[in-house]
Amino acid sequence: NSGVMSLLRPLLLDVVPTIQQTAALALGRLANYNDDLAEAVVKENVLPQLVCSLSEQNRFYKKAAAFVLRAVGKHSPQLAQAIVQCGALEMLVLCLEDFDPGVKEAASWALGYIARHNSELSQAVVDAGAVPLLVLCIQEPEIALKRIAASTLSDISKHSPELAQTVVDAGAIAHLAQMILNPDAKLKRQVLSALSQIAKHSVDLAELVVEAEIFPVVLTCLKDSDEYVKKNGATLIREIAKHTPELSQLVVNAGGVAAVIDCIGSCRGTVRLPGIMMLGYVAAHSENLSMAVIVSKGIPPLCACLIEEHEDHIKAAAAWALGQIGRHTPEHARAVAVANVLPTLLAMYMDIRSSEDLQLKASIFSLKNILQKCTYLPALEPLLHDAPPNIMKHIVGQFSKVLPHDSKARRLFVTTGGLKKVQEMKAESGSLLQEYINTINNCYPEEVVRYYSPGYSEILLERIENYHPV
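Sequence order sets the numbering: in each chain, residues are counted from 1 along the sequence as written. Given that this is a predicted model, residues contribute local features only at a pLDDT of at least 70 and side-chain atom pairs are listed and counted only at 80 or more, while totals for whole chains, interfaces and linings are drawn from all residues. Computation of side-chain values: all heavy atoms of the structure, hydrogens and water removed.

Counting from the N terminus, the helices are the DSSP runs of H or I reaching at least four residues and the strands are the DSSP runs of E reaching at least two. Within the protein chain, the regular secondary structure consists of 32 helices and zero strands. Based on C-alpha atoms, the radius of gyration is set beside the globule rule, defined as 2.2 Å times the residue count to the power 0.38. The C-alpha radius of gyration computed for the protein chain amounts to 31 Å, which surpasses the reference 23 Å derived for 470 residues by more than 25%, pointing to a less compact arrangement than a globule. Out of the 470 residues belonging to the protein chain, those deemed buried represent 51%. When checking whether two residues touch, look at their non-hydrogen atoms; a contact exists if any pair is within 4.5 Å. Nonlocal contacts in the protein chain, meaning residues at least 24 apart in sequence, comprise 69% of its contacts between residues at least 6 apart. Surface exposure here means Shrake-Rupley accessible area, sampled with a 1.4 Å probe, where a residue is shielded only by the protein chains that are shown. Here the protein chain has roughly 21,500 Å² of accessible surface; of this, 53% comes from carbon and sulfur atoms. If the 42 positive side-chain charges of the protein chain are averaged to one point and the 49 negative ones to another, these points end up 5 Å apart. Relative accessibility decides the category of a residue: with a 1.4 Å probe and only protein chains considered, values under 20% of the type maximum give buried, values over 50% give exposed, and everything between is partly exposed. Charge counting treats Lys and Arg as positive and Asp and Glu as negative, with His and both chain ends excluded. By convention, the charge on Lys lies at NZ, on Arg at CZ, on Asp at CG and on Glu at CD.

This is the structure in structure tokens:
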């Protein structure tokens, strides 16, 4: 407000180098503060001046200038675009070749902040020739430089398969894969993130990541003390497993499912999310893969997530994953139902405080999927008394499939009050629900059905009143 920007700009050309650097640093800190100040830096025409003097200045100035560019570019795609238009990318790429690791780091950081916004800006960074130099940077001895370069490669790869392919073509995967065992947690986070962003796009890219022999090494990350290393490790495994049954099978064979299940059991909150989704993806592919999740004892931790977690989106993911496990055969559905999950899912679906997404995942993706296969009646029994009509028809449908063939179940259905409940249901004639009810009623003698029908006791009392003893 006091016009500081216009006072700082001439200082960038001062004869004293330390004044130039300090002026650049001040501009960077202002621009870093919020997007209005970053806008002001652009409007004051500071950027062309910075870029012009970048090539001939010393390393301290280069670091400060790269900091200004990063501080401006981080706020929005429009501000990042302003940096691209003033020709800064070429200068930043030149800085990646500087002998000073600090200059490389500052340049890499600025490029990452520009690339992360969208695919057009990311493509501009690629076109400026940054990727091969970033791959060289991850091979440098300095840990801080490795971290930032890996992070920038991740930001470039995330937008599209084509951009990820340019990173792969520069030979990044092999170098990233070697660093999974690096003791530095912050570096591991970035390396796992970059590999995930490459693997997520297509089967081919995921296979290239797997071929770099990341299994079983990556499973050690799931036991890491750093929460983000755990989360990013699980994300990488998820991005590989989601593509095809073959890739999922490969993860199972490497011990990936058991390791992810342990990981979900040992942590709380959003760290669990990628692991939960990974189990859902694996189970969705086939009956055998779903059974692998069941055999590895994957259901109890997923149930725990439903009960323990407070965030709706984590509960929704757990509900979806359980639905994927239970939707294949009666055996799969029983494994889920025995864990007493169905009442919990029903309660979440009916809770008005649940988010729309949670209600959808609990009902359509989970309850209905499991119910349509579940023939384990003791698990269905409690739902008969609480379920809304749209869920009820699936429950009654399952009873109508099992009762005709199971005399023990027929008897139980009467003693637990199931038959009485069915007689109380209002179903439109000709509807699917009415068909199911008819099938169930046909399993019993007519007088038993009549006995449990609403109003039958009144009819009996009336008959008593009208009865004249002989």
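Once the structure has been displayed, the description carries forward.
Exposure above 30% relative accessible area and the lack of any salt bridge qualify a residue for a patch; like charges then connect within 9 Å, and the nonpolar side chains Val, Leu, Ile, Met, Phe, Trp and Tyr within 5 Å. Salt bridge, as used here: a side-chain nitrogen of Lys or Arg that lies within 4 Å of a carboxyl oxygen of Asp or Glu. A contiguous patch of negative charge on the surface is contributed by D204, E207, E211 and E246. If you tally residues by element for the negative patch, the top one is helix 15 (residues 203-211), at three residues. Among the structural elements, E207 can be located in helix 15. Since its relative accessible area comes to 34%, E207 is described here as partly exposed.

Buried within helix 15 we find L205, A206, V209 and V210. All buried residues of helix 15 fall inside an arc of 145° around its axis, so they share one side. Turned more than 90 degrees away from the buried face of helix 15, the exposed residues are D204 and E211. Elements in contact with the buried residues of helix 15: helix 12 (161-169), helix 13 (172-178), helix 14 (185-199), helix 16 (227-241) and helix 17 (245-253). Backbone geometry just after helix 15 places E213 at a positive phi near 60°. Taking the helix axis as origin, the arc is that swept by the directions to the C-beta atoms.

Another aspect to go through is the pattern of salt bridges. Across all of its chains, the model carries 18 salt bridges by this definition. In this structure, R116 engages D155 in a salt bridge whose closest nitrogen and oxygen atoms are separated by 3.2 Å. Separated by 39 residues along the polypeptide, R116 in the loop between helix 8 (101-115) and helix 9 (119-127) and D155 in helix 11 (residues 143-157) bring together distant segments of the chain. Measuring nitrogen to oxygen at the nearest pair gives 3.0 Å for the salt bridge that ties E239 to R238. R238 matches E239 in its accessibility class, with the two residues each being buried. Overlapping salt bridges bring together R268, R272, E308 and E309 as one network.

Now for unusual backbone geometry. Put simply, F215 and P216 share a cis peptide bond, and its omega is -5°. On the secondary structure map, P216 appears in the loop between helix 15 and helix 16. Although it is not a glycine, N45 adopts a positive phi angle of roughly 60°. Here N45 lies in the loop between helix 3 (35-43) and helix 4 (46-54). On the accessibility criterion, N45 (46% relative accessible area) is partly exposed.

With that out of the way, let us pick up the packing of aromatic side chains. By convention, a stacked pair of Phe, Tyr or Trp rings (six-membered ring in the case of Trp) has centres within 6.5 Å and planes under 30 degrees apart, an edge-to-face pair has planes over 60 apart, and any other such pair is tilted. The final tally for this structure, using the stated rule, is three aromatic pairs. For the ring pair Y281 and W320, a centre distance of 5.4 Å and an interplane angle of 75° mean the geometry is edge-to-face. With Y281 in helix 19 (residues 273-285) and W320 in helix 22 (residues 312-326), the pair connects residues that are 39 residues apart, well separated along the chain. Owing to a relative accessible area of 26%, Y281 belongs among the partly exposed residues under this scheme. Centroid distance F399 to F413: 4.8 Å. Interplanar angle 35°. Geometry classified as tilted. Within this pair, whereas F399 is found in helix 27 (residues 389-402), its partner F413 is found in helix 28 (residues 407-415), the two being separated by 14 residues in sequence. F399 sits in the buried class, given a relative accessible area of 1%. The class for F413 is buried, based on a relative accessible area of 1%. Across the ring face of W109, the terminal group of R70 is positioned such that the distance to the ring centre comes to 3.7 Å. Only Lys NZ and Arg CZ are tested; either one counts as a charge over a ring when it is within 6 Å of the ring centre and within 35 degrees of the ring normal.

Angles here are taken between N-to-C directions and fall from 0 to 180 degrees, while the axes themselves are lines fitted to C-alpha atoms, restricted in helices to the stretch in contact. Here helix 11 crosses helix 12 at 145°, and the two axes come no closer than 7 Å. For the pair helix 11 and helix 12, the contacting residues are L153, I156 and S157 in the first and L163, A164 and V167 in the second. Partitioned by chemical class, the residues of the contact of helix 11 with helix 12 number five nonpolar, one polar and no charged. Residue classes follow a fixed rule: Ala, Val, Leu, Ile, Met, Phe, Trp, Tyr, Cys and Pro count as nonpolar, while Asp, Glu, Lys and Arg count as charged, and any other residue, Gly among them, counts as polar.

This brings us to the domain arrangement of the protein chain. What the domain assignment lists for the protein chain is domain 1 (213-374) and domain 2 (378-469). As used throughout, domain bounds are those supplied by an automatic or database domain assignment. Between domain 1 and domain 2, the C-alpha centre-to-centre distance is 36 Å. Contact with domain 1, which involves 13 residues of that partner, is made by twelve residues of domain 2. A simple way to read buried area is as the amount of 1.4 Å-probe accessible surface that goes missing from two parts once joined, with both sides added. Of the roughly 1,100 Å² buried between domain 1 and domain 2, counting both surfaces, carbon and sulfur atoms make up 73%. When the area that domain 1 buries against domain 2 is broken down by residue, the three leading residues are L346, K368 and L371, summing to 43%. The tally of links between domain 1 and domain 2 comes to zero salt bridges. Definition of a polar contact: a pair of N or O atoms within 3.5 Å, with one able to donate and the other able to accept a hydrogen when the atoms are protein atoms, and with sequence-neighbouring residues admitted only if both atoms are side-chain atoms. Our count for the contact surface shared by domain 1 and domain 2 stands at three residue pairs in polar contact (both at pLDDT 80 or more).

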